[in-house]
Structure formats: structure tokens, C-alpha cells
Protein chains: 6
Amino acid sequence: MPDKVAVYRKEHFNAAHRLNNDEWDEALNKRVFGKCNNANYHGHNYDLIVKVVGEPDPATGYVIDLKVLSDVINEQVLQKFDHKNLNLDVAEFRHLNPTAENIAIVIYKLLRPNIDEKFYLQVRLYETERNFVEYPV
Amino acid sequence: MPDKVAVYRKEHFNAAHRLNNDEWDEALNKRVFGKCNNANYHGHNYDLIVKVVGEPDPATGYVIDLKVLSDVINEQVLQKFDHKNLNLDVAEFRHLNPTAENIAIVIYKLLRPNIDEKFYLQVRLYETERNFVEYPV
Amino acid sequence: MPDKVAVYRKEHFNAAHRLNNDEWDEALNKRVFGKCNNANYHGHNYDLIVKVVGEPDPATGYVIDLKVLSDVINEQVLQKFDHKNLNLDVAEFRHLNPTAENIAIVIYKLLRPNIDEKFYLQVRLYETERNFVEYPV
Amino acid sequence: MPDKVAVYRKEHFNAAHRLNNDEWDEALNKRVFGKCNNANYHGHNYDLIVKVVGEPDPATGYVIDLKVLSDVINEQVLQKFDHKNLNLDVAEFRHLNPTAENIAIVIYKLLRPNIDEKFYLQVRLYETERNFVEYPV
Amino acid sequence: MPDKVAVYRKEHFNAAHRLNNDEWDEALNKRVFGKCNNANYHGHNYDLIVKVVGEPDPATGYVIDLKVLSDVINEQVLQKFDHKNLNLDVAEFRHLNPTAENIAIVIYKLLRPNIDEKFYLQVRLYETERNFVEYPV
Amino acid sequence: MPDKVAVYRKEHFNAAHRLNNDEWDEALNKRVFGKCNNANYHGHNYDLIVKVVGEPDPATGYVIDLKVLSDVINEQVLQKFDHKNLNLDVAEFRHLNPTAENIAIVIYKLLRPNIDEKFYLQVRLYETERNFVEYPV
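Residues numbered from 1 in each chain as written. Chains lettered and ligands numbered in written order. Predicted model: local features only at pLDDT ≥ 70, side-chain atom pairs only at ≥ 80, totals over all residues. Heavy atoms only, no water.

A. Quick peek at the arrangement of the chains. If you take every C-alpha in chain B and every C-alpha in chain C, the smallest gap between them is 14 Å, and the two do not touch. Separated without contact, chain D and chain F have their nearest C-alpha atoms at a distance of 14 Å. (Contact = heavy atoms within 4.5 Å.)

B. The interface of chain D and chain C, seen in detail. Taken residue by residue, the interface counts 23 residues in chain D and 20 residues in chain C. Contact between chain D and chain C buries roughly 1800 Å² in total, counting both sides, with carbon and sulfur atoms accounting for 53%. Of all residues in chain D, the largest losses of buried area upon contact with chain C belong to Y8, K10 and Y62 of chain D, amounting jointly to 31% of the total for that side. Counting the contacts that link chain D with chain C gives two salt bridges. One salt bridge in this structure joins E11 of chain D and R130 of chain C, with 2.9 Å as the shortest N-O distance. Here chain D is connected to chain C by 13 residue pairs in polar contact (both at pLDDT 80 or more). Elements supplying a minimum of two residues to the side of chain D that touches chain C: β1 (5-17), β2 (42-54) and α2 (66-81) of chain D. With eight residues, the top contributor of residues to the side of chain D that touches chain C is β1 of chain D. Per-class residue counts for the side of chain D that touches chain C are twelve nonpolar, three polar and eight charged. (Buried area = accessible area lost by both parts, 1.4 Å probe. Salt bridge = Lys/Arg side-chain N within 4 Å of Asp/Glu carboxyl O. Polar contact = N/O pair within 3.5 Å; in protein donor to acceptor, adjacent residues only side chain to side chain. Helix = DSSP H or I, 4+ residues; strand = E, 2+ residues; numbered from the N terminus. Nonpolar A, V, L, I, M, F, W, Y, C, P; charged D, E, K, R; others polar.)

C. Focus on unusual backbone geometry. Of the consecutive residues Y135 of chain E and P136 of chain E, the connecting peptide bond is found in the cis state with omega at -10 degrees. Looking at the secondary structure, you find P136 of chain E in the segment after β5 (131-135). Despite not being glycine, Y41 of chain C has its phi angle at roughly 75 degrees, a positive value. With phi around 60 degrees, H83 of chain C is a residue other than glycine that occupies positive phi space. By the secondary structure assignment, H83 of chain C is in the loop between α2 (66-81) and β3 (84-85).

D. Up close: the pattern of salt bridges. Across all of its chains, the model carries 42 salt bridges over all chains by this definition. The partner of E92 of chain E in a salt bridge is K80 of chain E, and the shortest N-O contact between them spans 3.2 Å. Residue E92 of chain E is found in the loop between α3 (86-89) and α4 (100-111), and its partner K80 of chain E is found in helix α2 (residues 66-81); the two are separated by twelve residues along the sequence. Taking the relative accessible area as the measure of exposure, E92 of chain E reaches 30% and is therefore partly exposed. Each member of the salt-bridge network shares a partner with another, and the members are R9 and E11 of chain A together with R130 of chain D. (Buried < 20%, exposed > 50% of the residue type's maximum accessible area, 1.4 Å probe, protein only.)

E. Structural context of the packing of aromatic side chains. Under the defined criterion, the tally for this structure stands at 48 aromatic pairs over all chains. Ring geometry for F13 of chain A versus F81 of chain A: centroids 5.5 Å apart, planes at 80 degrees, classification edge-to-face. With a gap of 68 residues between them, F13 of chain A in strand β1 (residues 5-17) and F81 of chain A in helix α2 (residues 66-81) connect regions that are remote in the sequence. Measuring from centroid to centroid gives 6.0 Å for F81 of chain B and F93 of chain B, while their planes differ by 65 degrees, and the two rings are edge-to-face. Placement of F81 of chain B in helix α2 (residues 66-81) and of F93 of chain B in the loop between α3 (86-89) and α4 (100-111) is noted, with a sequence separation of twelve residues between them. As far as burial versus exposure is concerned, F81 of chain B and F93 of chain B are alike and both buried. (Phe/Tyr/Trp six-rings, centres within 6.5 Å; stacked < 30°, edge-to-face > 60°.)

F. Structural detail: the confidence of the model for chain A. Mean pLDDT over chain A works out to 97, with 99% of the residues at or above the 70 mark. We note a pTM of 0.97 for the whole complex and an ipTM of 0.96 for its interfaces. (pLDDT = per-residue confidence, 0-100.)

G. View of the interface of chain C and chain F. Taken together, the contact pairs 20 residues of chain C with 20 residues of chain F. Taking both sides of the interface into account, the surface hidden between chain C and chain F amounts to around 1700 Å²; carbon and sulfur atoms contribute 49%. Considering only the surface of chain C that becomes buried against chain F, N40, N45 and H83 of chain C emerge as the three largest contributors, covering 35% of it. One can count two salt bridges joining chain C with chain F. Note that D82 of chain F and K35 of chain C form a salt bridge whose closest N and O atoms lie 2.7 Å from each other. Applying the counting rule to chain C against chain F returns 19 residue pairs in polar contact (both at pLDDT 80 or more). Looking at which element gives the most residues to the side of chain C that touches chain F, the answer is strand β2 (residues 42-54) of chain C, with four residues. Grouping the amino acids of the side of chain C that touches chain F by side-chain chemistry returns five nonpolar, ten polar and five charged.

Pasting the structure below:
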């Protein structure tokens, strides 16, 4: 029986966002989120690494064709997020604060139905080189 | 006489922007600037490298103290640009399209009066890892 | 119930060190530690990545505010280690060889009491781009 | 009892390869492997990260001397793979498609007998910065 | 009169090659080119940075649209070089040794007629992270 | 007549140092050099990029064999600097403050007599990813 291997594909997108809790007043938002609360938004070059774990197919030697994985990420995530304002342009963040944690969870939920359920799936999202998150753990 | 040495300091800032020519109609802006024209902005992690050329001071061995240079960049550029919307929050871009080229020229003009004129000054700006500019040349 | 997410914060410090076992003679130390045993020390730019795992707070979308985590790392680790000689200036290494393994364990012990115990904590330390360690596993 | 620590060593090699299933006809190989099937090969700068997990030796503070680990990787892997054609020059790939997944498994099998069995061993292989794999999981 | 700005676009391609002088015997080729002379080829992930210098267009703020520059590089260079064997698949290297120096010169000659002559053009080519070249100087 | 090409080789070394002017008192040194003045030294992973400009040899396609250049750098620079204390172990810095500027000038002087004078030579030295220098300019 073949062993499991993890394969990874790195993609990126550029987006604007701001951190804000609609149920809080301006002062509390400012205190909690600091400069990330700037009313007119700021932005990031997000790096996204998608991990898929499964057994390599003996005929191809692939766990999953990374070109296919790249296409899925492009269709499900990049088309929606790249060169967009996450708060205003992406339905999932109308009522959900676009922290790196929440963006990673949303990306996972967008990808999961499009990746064969026999595979384990995990996403890592870099908001900057120094701040990044991983889901699930 | 001591020889000249170039010293470099790298800083970064995160900002939102959109590319748009106010004198053009929406269709032309869309055609020329593509997804960079998105009405609600997108954003980047900008990496900024500032180059200063001069003779090392024999007493210190420094061309310029890079902590001092870092402080100047922080005061003159990062305070204005970091976690901001370049089009809406930065006066210099009210009537100037915030392309990487124009941002680099604006940064140069902000820094130049604050760096001793005996030094040559140049800025390099990375909008992404794959798109970057340098001014002057 | 919210799912767990891992968040990461990258910091760095510059330090001198040498590898040496005080109970061994010079020849044995030289043989085992090679050029890392140089009597007058050598040094590194250490990159430190701290991982915290927990459930995002529904009100903020944060597992932990990465600015707060950064402050804790600065107070507990960087203030002690940055621009220091680990063997001579840091009490923890007076009788402990400052290998990357031991530095990572010491950093973990410095951070653990300052991070809410509901969170899992892990540190990764890069001595160079090619040599790095992780603790705990 | 000392705790376990993971140590990592990064190496690299440059090699040519092509993806092909000898039991398939040319059209099917072309369809499945695309430009990776190019008859005259293409190539990569492979980055290899080897992870070893164990308890640090109290006398040295090392899980394993990374110079020793580097030597083992050089002897067992780089000597065979570096500046070679994986399909033609490396016996293990005469009848095994040199996908990143299969290369990682072969590297693991070459290293495992040469690393003390008390250590856990894992390899991560970067074919490009954007495509990489890990084995075992 | 607007000032000149340098703009840069980074692309990459993966290719096989070997270094060999057809007019030399095998022993001399082996002695001069070492493992780069391996008969069955080896390969690299080449990173290519194209620099274009000119005056920003006042209407767009662009020296040149980097999407257009990227398209030109793709059509003129990547289509010919990516996932190819430079020695066997690329006409320019049938009788020219594909050293980094010669590849850079060939890329320059492929791009030059396709970039408006009012612009200065320069290419930088990374064969590995540690070996790279620039042309012209 | 062949055109000139620039070739680059990247090497690295790890060293301890401190910044200090022997003719100043402790208070002035502390004020000018801050934490870089720490009495017991600190250290860095220095990245060194050596640039050589010349005409490619028509027989080899090389400006200079980068393996030969690497050997020269190793013999003239790395043997002296790697895993050393620049202030105490390297004669050139007994009476010269080892700032990045001065280290770059010293490296240039060590290399220049060992590189054919027909070539232009330049060194770039990274003290950290964010602070680096270039000589000559």
C-alpha cells in the first residue's frame, strides 16, 4: 500500500481590508485594532499555501496534479479575492472581520468541497512575511 | 581621501490603492488599468529600499547611521503611508495616480530635503516581489 | 464551537556565541564543535518564529493579537538576547551550551509563563537559513 | 528526561528530469504531464530540507551534529542527484516517474538506513518555490 | 520634463542544459566544465528580471505597463525556454554554449526588438540563488 | 568584439563584532553606536555578493568560472572571517571599526589583487536583510 505524501501549492493575491467590529463604537475599534482599523482601508500581498495529503497515484506519481490544484485555487479563491476589497467586494466578509484567521477559515471552506474528500486539506496564509496563520490544526 | 560607499536600508509599509485617471471615463480606466482599477481599492505590502552614497566618516566608519536613516524614513514616509489608503489618505496622491513609479518619485521628494545634500539618494520600491521600480536612474 | 487556528509571529535578533562544554578539554571541544568553538566567539542573525494555537475570539477574529504577541517576545526574549553575547551576557547560558536546540528550549521557557495556558505554544529558531530547530515537537 | 527537539538541515541540488509513464502512449503522456513531458527533459534547482527529531545530547546540546547530517545528505543524495539527469543517471528512477512525490520517497529511503533509528526522519522537497512535497506525513 | 524611472519585472522558467564546447574533446570539456558537463544534462529554475528605463507617461503614471512587459517576456522568451532543453530544443544554443552569460545575451536579443527603442533595456538572470549575471553593463 | 557581462557570486559567513572607536570614552561610544557597542560583542550572518564585469571568453562562454571565483572568495575572505570575531581575530580590524562599510572595503582590498585586473570588481555586503552596503560605487 502506498504511503501518504503531503503536496503544497503556493499562490498569492493582493487585497485591501480593514479590521472592524460593526457592533463596537469607533473608539473601541480604534483601541483594539489600532492602525488596522483605518477607515479608508489598507492592503496586503497575501501569500497562500495549500497543503493536500494523500497517497500518490501509482500511474502518475502524483498525489494530485498541482496544475489542477492551482486551477481550483484560482477559480475558488483568487478570482474572488485578488485585487479586491475584502470588506466590500467579498460576500463572506460582509459580517465577518477579515483577520488572517478568518480569511484562512473562509478559504478552507471555499476549497474543501472542490478537493476530493479522500484528501486532507490545510491552508496557510501569510498576511505579511512576519504574520501568518494556519487552518485547520 | 576616503572612497565612496553605498549604504542601503530596507523598510516596508502596507497600503491600499487603486489606479485611475480622473480625466478618463470608467471604460477607459478599466481598459488601461484592468483589475488595478477596482473601485473599492486593493492593496500591497510595499518593500522600500533607500540607498545613500557618500564617504564613510573616519571617526565612525559610517556613511550615515542606518538607525538615523531608518528614523528619517519612518517619519517622512511610513507615518504617512503605512496602513493607509494612498488615494484617499495621502495628500500627494489626490491628483496623482499612485503607480509604483509615482509612489517612488513622491518618496524621493519626501526624503531628499531630510538627507544631507552631500549624499546621493535613490529609492527602490517593490509593489510585489515581481513588480518593482527605482528612482532616480 | 469555533475551530482552532495556528498563528505565527516572526522576530529576529543578532547575537554572538560559541559552542563549548566546560567539562571538556580544549582538544575535545575543538574536535566536537569545530569552528563553532572559536574562542573569541562568532555570531548569527537569528530568526525566531513563535506559533500560538487556539480558538479565534468571535468578537475580534484574533486567536491572539499579534502586536501583543510581538510585545511579549520583545520583552521576554529580544531585550535579553539582541545584540548580546549569549555565553557571557545571558544568565541562562552560563552553564548551558547555546546550541540552536538549547536556545529554542530557553526561549520556550521564557515565553510559556507569559502566554495564556489555554494556548499551545511552539518556537522555531533559524540559526542560519540552512540550520534551524523547533521545540516542542 | 530531556524533551525532543526537531532539527532541520537545508541542502540543494540541480537536476534534469521529465515526467513520463513508460506504459502509456505519447498522446496520453502529453495530456497528463503537459510541458513536464518534454522529450528532451527540463530541470530544476531542488531545495531539500531534512528534519530529524530526537532528544538533545546533554553533553553537546545537539540532537545530531548538523555537519554530520549534511555529510550524510551529501554522500547519500547529492552525489547521486546533483547535476544529473534523474531519469537517465539515477538507477532508482529507471522505472519510477521522478515526480516530486517520488523523489522525496526515494530520498527518504536513501537516508533512513544512515540515520540512527532512534530518530524520526522526514524530508521536504521544493521542486520550485511554489511546488513542494513532504514525506512521510 | 518628466524624470526617468527604472521598472522591473521578474519571471521564471525551468530548463535543462549542459555546458560543452563542441570543438573540444571530452576530457577537456570535463576538466573545464566539471559536473556542468554531465552528458545527460542537468537543470535549473531560472529567475529572470527585466529592467526597462524611461519616462513615466503623464496620463498613466506608467513607464511601461508591466502586464504588457510580462506578455512580451512570455511570448519571446518563456514560450521558447520554459520546460525545455536549452541545448536541444532552442535554436540559439545549437552552436552556443548555454552559460548564464550567453543565455542572458540571447534573452536580451530576443526582447530588444519588441521593446520600444526609446527605452533602455537590461536583463538579469539567476541560474541559482548564488550564481547570476547581468547584461548589458 | 564581445560585449561586457556582469557575473555575481553569493557567499556567506558568520562572525561576531562590536562597533567601537578606541579613541573615544565609553559614554561617547555608547551614545554613537548604541547596542552595537555591547562590550561582549554580538554577531551576524553576513551575505557577500561579489560582482565581476568583463567580456565572456568565446571558448567557454564564461566571464570568469564562478567556481574559481568562489574558491578565491573562500581563500581570501571566508577563511579569515567565517566563525571569527572580526575585532579580535582579523588583523585588518585591530584598528579599524568593523562597520559594514569598512568590512566591504577590506573585502574589496583582499580580493582585488586576486582577480585579473582586466575585470571590474565590486562587493555588496548584507549585515542583515535590512542593512547592506556596496563598494566601490
